Amino acid sequence: MEFKISKELLNQLELLIQENKEREVLELLQEVHFADIAEIMEEMETHEAIYIFNALDSEKTAEILLELDEEVREKILRSLSAKEIAEEIDELSTDDAADIIAELPQSRKEEVISELEDVEHAKDIVELLRYDEDTAGGLMGKELVKVNENWNVLTCVKEMRAQAENVTRVHSIYVVDDENRLKGRLSLKDLLTTSTKTPISEVYIPKVDYVKVNTENVEVARIMQKYDLEAIPVVDELGRLVGRITIDDIVDVIKEEADKDYQLAAGISQDVEADDSILELTKARLPWLVLALFGGFISVRVLGLYEPAMELHKELFFFTPLIAAMAGNVGVQSSAIIVQGLANNALSGSLLNRLLKELSLSLLNGLILASILIAGSHFLLDINIMTGLTVSLALLSVIITASLIGTFIPIVLDKYGVDPALATGPFITTSNDILGIIIFFSIAKTILGF
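Residues numbered from 1 in each chain as written. Predicted model: local features only at pLDDT ≥ 70, side-chain atom pairs only at ≥ 80, totals over all residues. Heavy atoms only, no water.

## Details of helix α9 (residues 106–115)
Rules: Only protein chains enter the accessibility calculation, which uses a 1.4 Å probe. A residue is then buried if its area is under 20% of the maximum for its type, exposed if over 50%, and partly exposed in between. The helix count covers DSSP runs of H or I at least four residues long, the strand count covers runs of E at least two residues long, and both are numbered beginning at the N terminus. The directions considered for the arc run from the helix axis to the C-beta atoms. Residues are treated as being in contact if the distance between any of their heavy atoms lies within 4.5 Å.
Of all the positions in α9, only Arg108, Lys109 and Val112 are classed as buried. Buried residues in α9, looked at end-on, bunch into an arc of 105°, giving them a common side. The inward-facing, buried residues of α9 abut α6 (70–79), α7 (82–89) and α8 (94–102).

Now the structure itself:
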């Protein structure tokens, strides 16, 4: 059952901290999961969070550090000495340790690394810090179980026991040669059912999925999702096994990518959260709002060009918001489906086939909506049949055009390396609004003759 943070619990902890009752605080949090303790600390004042952190043992606080919001974690780390941070780092796996150290200032990084007691652990962390955080090298951990293809089963089991002490969970057993080049993987079932004298080279599975250190994290996530992998080995340019990536790291990547795409689609140009400062939120939101404002200026200018038409046919003015809104909505629908397909690598067929399919879909939707509009405008709004026909034909044309644009733009953006989620935001909405107005009055001019 999920732990719920109550106001009573927070008040109780605050009172115990004020009275400096450390033992009672520990008793209260004894059965609470470290992820829930992190949430509790985020709800409290900084000095109270630091008090709780200092009261707990390193094994638990190391895990809490990983769960904390970046801003809170920064304040906690700032309150600790380099030696205290090193003690926390010693409790973490190499990938998590590297992530924490990467957030520290350069001078602080060097101090913390020099204080690490485990030299091999320190070397592994330093190696991981060399890689870009958005690549497989930046995601991977050094903890894994590997065996040499020249060993027999008995030797293999002995070595695995020794290696497994440093690995929290054994997802796979990797097979390497004398140069540490990845050769394949070993089935635990085959290992248990094979004679102890059998060479590993005779029982290992040569087919193994892997990624290179410079593979982008999004591509790693796609591969692991496609093949339903819990872990994947990472090799360098020479094919040598250098680490592994586990599913928990990939879940974080997928979440971050989804958050980024959602924000971009909503017209937010930077990665921000609700608790960020007003200045940061303004910097993230303002660029697209300015673009939308200029788009509005263009829309007003376009409407001004058709002012004489609206004087002759005043009813056209009242249908303008409907046409603009439908253009924006249809464009966003089409682009959202394409962006989702691109993200999941699920789009198949040529661009022409995709556009033809979208044309058929928009034609069907457009005919249904245009029929509803012409009937509604005549019977409910008492609009003459020619004006109703004009608006309905304009609506059909706008739906088809907006659908094609919403399909075409994300695919082209993706082809040229631009995030296609850009096409689902204010950009596609504003451009389709303007285009919808132009199409509307152009058709009205043709049919009504002004």
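There is more to say after this.
## Regarding the packing of helix α19 (residues 351–379) against helix α20 (residues 385–415)
Test applied: With axes taken as lines fitted to C-alpha atoms, and helix axes fitted only over the stretch in contact, angles between N-to-C directions fall between 0 and 180 degrees. Here the word oblique covers every angle except those under 35 degrees (roughly parallel), over 145 (roughly antiparallel) and from 65 to 115 (roughly perpendicular). Should the near helix be turned counterclockwise from the far one by less than a right angle, the crossing is left-handed, whereas a clockwise turn marks it as right-handed.
Their axes nearest at 8 Å, the elements α19 and α20 cross at an angle of 155°. By the angle between their directions, the pair α19 and α20 is classed as roughly antiparallel. The handedness of the crossing between α19 and α20 comes out as right-handed.

## What to know about the sheet that holds strand β3 (residues 182–186)
Note the threshold: Strands are labelled as partners when DSSP assigns at least two bridges between them.
Reading across from one edge, β1-β2-β3 is the order of the three strands in this open sheet, with mixed pairing throughout. Whereas interior strands pair on both sides, the edge strands pair on one side only; in this sheet they are β1 (145–148) and β3. On average, each strand axis in the sheet is inclined to that of its neighbour by 35°, with strand direction left out of account. Pairing between strand β2 (residues 173–176) and β3: four bridges, direction antiparallel. Paired with Val175 across the strands is Gly184, a residue of β3. Across the sheet, helix α12 (residues 153–164) lies against β1, β2 and β3, angled at about 155° from β1, the strand it touches most.

## Some thoughts on the UniProt feature "domain: CBS" (unreviewed entry) in the protein
Worth spelling out the cut-off: UniProt positions are given in the numbering used here, feature names are shortened, and annotations may be inferred rather than shown by experiment.
Per the UniProt entry, the sites bearing "domain: CBS" (unreviewed entry) are residues 140–202 and 204–260 in this numbering. Here residues 140–202 is 29% helix and 21% strand, with 29 Å between the C-alpha atoms at its ends.

## Structural notes on the environment of Ile400
As for its position among the elements, Ile400 is in helix α20. Once the C-alpha coordinates of Ile400 and Gly366 are considered, the two residues, 34 residues apart in sequence, prove to be 7.1 Å apart. What Ile400 contacts, discounting residues up to four positions off in sequence, is Leu359, Ser362 and Leu363.

## A look at the packing of aromatic side chains
The condition that has to hold: We call Phe, Tyr and Trp rings a pair once their centres come within 6.5 Å, taking the six-membered ring for Trp, and we label the pair stacked below 30 degrees between planes, edge-to-face above 60, and tilted otherwise.
Considering all chains together, one arrives at four aromatic pairs under this definition. Between Phe317 and Phe318 the ring centres are 5.7 Å apart and the planes differ by 80°, which places this aromatic pair in the edge-to-face class. In this structure Phe317 comes out as partly exposed when scored by relative accessible area, which is 46%. For Phe318, a relative accessible area of 63% puts it in the exposed group. Taking the centre distance of 4.9 Å and the plane angle of 50° together, the rings of Phe440 and Phe441 count as tilted. Accessibility assignment for this pair places Phe440 and Phe441 in one class, buried.

## Considerations on the UniProt feature "transmembrane region" (unreviewed entry) in the protein
UniProt's feature table lists "transmembrane region" (unreviewed entry) at residues 286–304, 316–339, 359–381, 393–413 and 425–444, given in the numbering used throughout. Here residues 286–304 runs as 100% helix and 0% strand, with 27 Å between its end C-alpha atoms. With 100% helix and 0% strand, residues 316–339 has end C-alpha atoms that lie 34 Å from one another.

## Some details on the packing of helix α3 (residues 34–43) against helix α5 (residues 58–67)
Here is the rule we go by: Any residue outside Ala, Val, Leu, Ile, Met, Phe, Trp, Tyr, Cys, Pro, Asp, Glu, Lys and Arg is labelled polar, Gly included; the first ten of those are nonpolar and the last four are charged.
The geometry of α3 relative to α5 is characterised by a closest axis approach of 8 Å and an angle of 60° between their N-to-C directions. Crossing of α3 against α5: the hand is right-handed. Taking contact as the criterion, the partners of Phe34, Ala35, Ile37, Ala38, Met41 and Glu42 in α3 are, on α5, Lys60, Glu63, Ile64 and Glu67. Broken down by class, the residue content of the contact of α3 with α5 amounts to six nonpolar, no polar and four charged.

## Considering the side chain of Ser362
What counts here: Polar contacts, as counted here, are pairs of nitrogen or oxygen atoms within 3.5 Å of one another; within protein the pair requires one atom able to donate a hydrogen and one able to accept it, and residues that are adjacent in sequence qualify only if both atoms are side-chain atoms.
Along the chain, the position of Ser362 falls in helix α19. At 3.0 Å, the side chain of Ser362 and the backbone oxygen of Leu359 are in polar contact. What Ser362 contacts, discounting residues up to four positions off in sequence, is Ile399, Ile400 and Ser403.

## Examining the nonpolar core
The line we're drawing: For our purposes a nonpolar core is just a set of buried Ala, Val, Leu, Ile, Met, Phe, Trp, Tyr and Cys residues, chained together by side-chain atoms within 4.5 Å.
By size, the foremost hydrophobic cluster in this structure holds 59 residues, and its most contacted members are Met41, Ile52, Ile76, Ile89 and Ile245. In this view, Ile245 contacts Ala136, Leu139, Met140, Val211, Val220, Met224, Glu230, Ala231, Ile232, Val234 and Ile250; residues no more than four positions away in its chain are not counted.

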